[in-house]
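# Structure assessment
One letter stands for each residue in the lines below.
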Amino acid sequence: MTTSENARKPILAANWKMHKTVQESVDFVTALLPLVEGAQGVDIVIAPPFTALERVGTALAGSAVQLAAQNVNPEEKGAFTGEVAPSMLEDVGCRLAIVGHSERRALFGESSEFVARKTAALLERSIQAIVCVGETLAEREADRAFSVIEEQLKGSLALVPDDRGGELVIAYEPVWAIGTGKTATPDMAQEMHAFIRAQLGKRFPSDADSIRIQYGGSVKPDNVRDLMSRADIDGALVGGASLDPQSFAQIALFEA
Ligand code: PGA
């Protein structure tokens, strides 16, 4: 392991998707905090639904656990019914926001161009973007996984200033592994993460080594350690297994 790998602090993030009421969210935090108290050397992040952001932020106050949003609109304000602006995320204490999740790309028609605008808008507010990329099963079977990821990265990061790559987090989430119980093997994930880092190296030569790349797709307490042992896997973006505080705490404390 090189010094630069050591320098990348693991980042374990809970993506709750469209789950949990405000009360359920607060109950989760109340249960989680004692479990992860004193966790050193990892960043722990929770992305609740928009409705619970403020209350979860309040419940996390004074802890090291960070608040994230699951989405954002790149505009600052205006006639965009149903959307939420970066300044509104900042207002409720979000330190990070997920953009380009495959569910947003597939179910809501979001393009890499739109993801690029979101990423740039977050940078303006100093909210860290977790930029998701991932190929479908059909793309992998057609041997297109690497070219698809290359395109998604290029498009989604197009508006990031050359000197700000170091502020990004990338999440590699193969679509066929999300919510399916089928995880990419650590070898498969590492191969793609190394490829992603090489692409980042072309775009952000001096920052690529410090950019954290999360793996996502059926991460569970019993597979997280294996995945995290690989050189270019610097964290996890966790859906299903993040809904239970015990399970998410085990993932966040994978090193313990
Ligand atoms: P999963 O979801 O852990 O339920 O597979 C991961 C994600 O979509 O972020």
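In the block above lies the structure referred to throughout.
Thresholds applied
- Residues numbered from 1 in each chain as written.
- Predicted model: local features only at pLDDT ≥ 70, side-chain atom pairs only at ≥ 80, totals over all residues.
- Heavy atoms only, no water.
- Helix = DSSP H or I, 4+ residues; strand = E, 2+ residues; numbered from the N terminus.
- Rg over C-alpha atoms; globule rule 2.2 N^0.38 Å.
- Buried < 20%, exposed > 50% of the residue type's maximum accessible area, 1.4 Å probe, protein only.
- Areas by Shrake-Rupley, 256 points an atom, 1.4 Å probe, with all protein chains shown as cover.
- Lys, Arg positive; Asp, Glu negative; His and termini not counted.
- Charge placed at Lys NZ, Arg CZ, Asp CG, Glu CD.
- Salt bridge = Lys/Arg side-chain N within 4 Å of Asp/Glu carboxyl O.
- Near = heavy atom within 4 Å.
- Polar contact = N/O pair within 3.5 Å; in protein donor to acceptor, adjacent residues only side chain to side chain.
- Nonpolar A, V, L, I, M, F, W, Y, C, P; charged D, E, K, R; others polar.
- Pairing = 2+ DSSP bridges.
- Axes fitted to C-alpha atoms, helices over the stretch in contact; angles between N-to-C directions.
- Core = buried A, V, L, I, M, F, W, Y, C linked by side-chain atoms within 4.5 Å.
- Contact = heavy atoms within 4.5 Å.

To continue, consider the overall build of the protein. A tally of regular secondary structure across the protein gives 11 helices and 8 strands. Against the 2.2 N^0.38 benchmark of 18 Å for 256 residues, the protein shows a C-alpha radius of gyration of 17 Å, consistent with a compact globule. C-alpha atoms of the protein, sized along the principal axes, occupy 45 × 45 × 35 Å. Counting over 256 residues, the protein shows a buried share of 52%. Working note: accessible area of the protein is about 11,500 Å², and carbon and sulfur atoms make up 51% of it. If the 24 positive side-chain charges of the protein are averaged to one point and the 35 negative ones to another, these points end up 1 Å apart.

Let us look at the pattern of salt bridges. Tallied over the entire structure, the rule returns 16 salt bridges. Between E103 and K17 there is a salt bridge whose closest N-O contact spans 2.8 Å. Of the two residues, E103 sits in helix α5 (residues 102-107) while K17 sits in the loop between β1 (11-15) and α2 (22-36), which places them 86 residues apart along the sequence. With a relative accessible area of 27%, E103 lands in the partly exposed category. We note a salt bridge from E110 to R104, for which the minimum N-O separation is 2.9 Å. A relative accessible area of 8% means that E110 is categorised as buried. Through salt bridges with shared partners, a single network forms among R8, R197, D232 and D234.

Attention now moves to the site of the ligand. In the vicinity of the ligand, 13 residues are found, and the nearest of them are K17, H101, E173, G179 and S218. K17 places a polar side-chain atom, nitrogen or oxygen, 2.7 Å from an oxygen atom of the ligand. Contact with the protein chains hides 96% of the accessible area of the ligand, taken as 280 Å² for the molecule alone. For the shell around the ligand, the class distribution of residues is 4 nonpolar, 7 polar and 2 charged.

Attention now goes to the sheet that holds strand β3 (residues 66-69). Pairing within the closed barrel is parallel, and its 8 strands lie in the order β1-β2-β3-β4-β5-β6-β7-β8. Each strand of the sheet is rotated relative to its neighbour by a mean of 25°, with strand direction disregarded.

Among the nonpolar cores identified, the biggest contains 64 residues, and I46, L89, L157, I170, I196, L200 and Y215 are the most heavily contacted of them. The biggest single contributor to this core is helix α9 (residues 186-203), with 5 residues. Every residue in contact with L200, bar those within four places of it in the chain, is listed here: L157, I170, P205, A208, I211 and I213. With 12 residues, the next largest nonpolar core counts V45, L96, A171 and L237 among its residues.

The quantities given are spatial measurements derived from coordinates; they are silent on function.
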